[in-house]
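The residues making up each chain are set out below.
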Amino acid sequence: MHVAVAGTFGPVHDGHRELFRTALEWGDEGVIVAVTSDALARGPRTRPVPSIDERMRRVREEVEAIDEWDRAVEFRTLRDEHGIASSDPDLDALVTSPETAHELADINEHRRDRGLEPIRGIVAPYVVAEDGERISSTRIVAGEIDEHGAVLE
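Note that residues are indexed from 1 along each chain, following the sequence as it is written. Under the rules for a predicted model, residues below a pLDDT of 70 receive no local features and side-chain atom pairs below 80 are neither given nor counted, while totals for whole chains, interfaces and linings still include all residues. Side-chain measures were taken over the full set of non-hydrogen atoms in the model, leaving aside hydrogen atoms and water.

K.L.:
Looking at this model, I keep getting lost on the overall build of the chain. Mind explaining?
P.N.:
Secondary structure elements follow DSSP: runs of H or I no shorter than four residues count as helices, runs of E no shorter than two count as strands, and numbering proceeds from the N terminus. The helix and strand inventory of the chain stands at 6 helices and 5 strands. Scanning the chain from its N terminus toward the C terminus, one meets helices and strands in the order β-α-β-α-α-β-α-β-α-β-α. Rg of the C-alpha trace for the chain: 15 Å, near the compact-globule value of 15 Å for 153 residues, within the 12% margin. Residue burial is assigned from relative accessible area. The probe radius is 1.4 Å, only protein chains are included, and a residue is buried under 20% of its type maximum, exposed over 50%, and partly exposed in between. The buried share among the 153 residues of the chain stands at 46%. Taking the intrachain contacts of the chain between residues at least 6 apart in sequence as the baseline, contacts between residues at least 24 apart amount to 65%. Computation of the radius of gyration draws on C-alpha atoms alone. For the globule rule, the value is 2.2 Å times the number of residues to the power 0.38. In this analysis, two residues are considered to be in contact whenever any of their non-hydrogen atoms come within 4.5 Å of each other.

Following this line, the structure appears as structure tokens:
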């Protein structure tokens, strides 16, 4: 199966690592890891986001460290919300978090409009911090938790 996973990934945390692991596990025909461009990543956010170069470097390092299957991995820059998932004809599935799983319906509608087959959604579970709340980059930047979910306050 040819799968994709996409996100801002800044800063990288255990929730992202679970997304990467899930994509690598399922992606026996290849994995696309798409990192949002600076414009897309910073648009709606008020928190600081590392540059695309820094985020891409970290994502590559993390994926290489997790890849026990020796998958063919392609790293791309995501320039619009559903670009790769809605336009890549070779894609079979998209790995999402529970938070973004609902977007698959829109993606598949765009794929059908382009004459492409719909893709499958693979939902990776949330990874929770010590306090039982999900790990997120926002919580890390706010100083509430570290990248592994240890509570810092």
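K.L.:
How should the packing of helix H1 (residues 14-26) against helix H3 (residues 52-66) be read in this particular structure?
P.N.:
A packed helix pair is summarised by two numbers, namely the angle formed by the two axes and the spacing between the axes. The convention used is that axes are lines fitted to C-alpha atoms, helices contributing only their stretch in contact, and that angles between N-to-C directions extend from 0 to 180 degrees. In the contact formed by H1 and H3, the axes pass within 10 Å of each other and the chain directions differ by 55°. With respect to H3, the element H1 is oriented oblique. The two elements H1 and H3 meet at a crossing, and its hand is right-handed. Residues Arg17, Phe20, Arg21 and Leu24 of H1 pack against Arg58, Val59, Glu62, Val63 and Ile66 of H3. The residue classification treats Ala, Val, Leu, Ile, Met, Phe, Trp, Tyr, Cys and Pro as nonpolar and Asp, Glu, Lys and Arg as charged. All others, Gly included, are polar. Per-class residue counts for the contact of H1 with H3 are 5 nonpolar, no polar and 4 charged. For classification, angles of less than 35 degrees are called roughly parallel, those exceeding 145 degrees roughly antiparallel, those between 65 and 115 degrees roughly perpendicular, and all remaining angles oblique. For any pair of crossing helices, the crossing counts as left-handed if the nearer helix is rotated counterclockwise from the farther one by less than a right angle, and right-handed if it is rotated clockwise.

K.L.:
Would you mind going over the nonpolar core with me for this structure?
P.N.:
Across soluble globular proteins, nonpolar side chains show a tendency to be buried alongside one another. One finds Val5, Phe9, Phe20, Val33, Val59, Val63 and Val95 to be the most contacted residues of the largest nonpolar core, which totals 21 residues. Of all elements in the fold, only strand S1 (2-7), H1, strand S2 (30-36), H3 and strand S4 (93-96) reach the threshold of two or more residues within this core. If we ignore the near neighbours within four places in the chain, the residues touching Val5 are Leu19, Phe20, Ala23, Ile32, Val33, Ala34, Leu94 and Val95. Residues belong to one nonpolar core when they are buried, are Ala, Val, Leu, Ile, Met, Phe, Trp, Tyr or Cys, and are joined through side-chain atoms within 4.5 Å. Listed in part, the 11 residues of the second largest apolar core include Ala4, Ile32, Leu78 and Ile119.

K.L.:
Any chance you could explain the side chain of Arg71 here in plain terms?
P.N.:
Residue position: Arg71 is located in the loop between H3 and strand S3 (73-78). Of the side chains with opposite charge, Asp67 lies nearest to the buried Arg71, which makes no salt bridge, at 5.4 Å. Contacts of Arg71, omitting those with residues within four sequence positions, involve Leu24, Glu25, Gly27, Asp28 and Val31. Residues scored as charged are limited to Lys and Arg (positive) and Asp and Glu (negative), so that His and the chain ends carry no count. Definition used for salt bridges: Asp or Glu carboxyl oxygen within 4 Å of a side-chain nitrogen of Lys or Arg.

K.L.:
Please explain the pairing of strand S5 (residues 120-123) as it appears in this structure.
P.N.:
Along any regular strand the residues' side chains alternate between the sheet's two faces. Where S4 lies against S5, 4 bridges are found, and the strand directions are parallel. Across the sheet, residue Val95 finds its bridge partner in S5, namely Ile122. For the handedness criterion, the strands are oriented away from the viewer, and a crossover whose path from the first strand over the helix to the second runs clockwise is classed as right-handed. Handedness of the crossover joining S4 and S5 through helix H5 (residues 104-113): right-handed. Only when DSSP finds a minimum of two bridges between them are two strands counted as paired.

K.L.:
Any chance you could explain the layout of surface pockets here in plain terms?
P.N.:
Unoccupied space between atoms shows up once a probe the size of one water molecule is rolled over them. Roughly 1,000 Å³ of volume is contained in the largest pocket. Cavity means a closed set of points on a 1 Å grid over the protein atoms alone, one where a 1.4 Å probe fits but cannot get out, pocket means an open set with protein on both sides within 12 Å along at least 5 of 7 lines, and lining means a residue has an atom within 4 Å of a point. Surrounding the largest pocket, 41 residues form its lining, Ala6, Gly7, Thr8, Arg45 and Thr100 being those nearest its centre. Elements supplying a minimum of two residues to the lining of the largest pocket: S1, H1, S2, helix H4 (83-87), S4, H5 and helix H6 (137-141). Counting residues per element, the lining of the largest pocket draws most heavily on S1, at 4 residues. Grid points are joined across faces, edges and corners, and a volume is the space filled by probe spheres set on the points.

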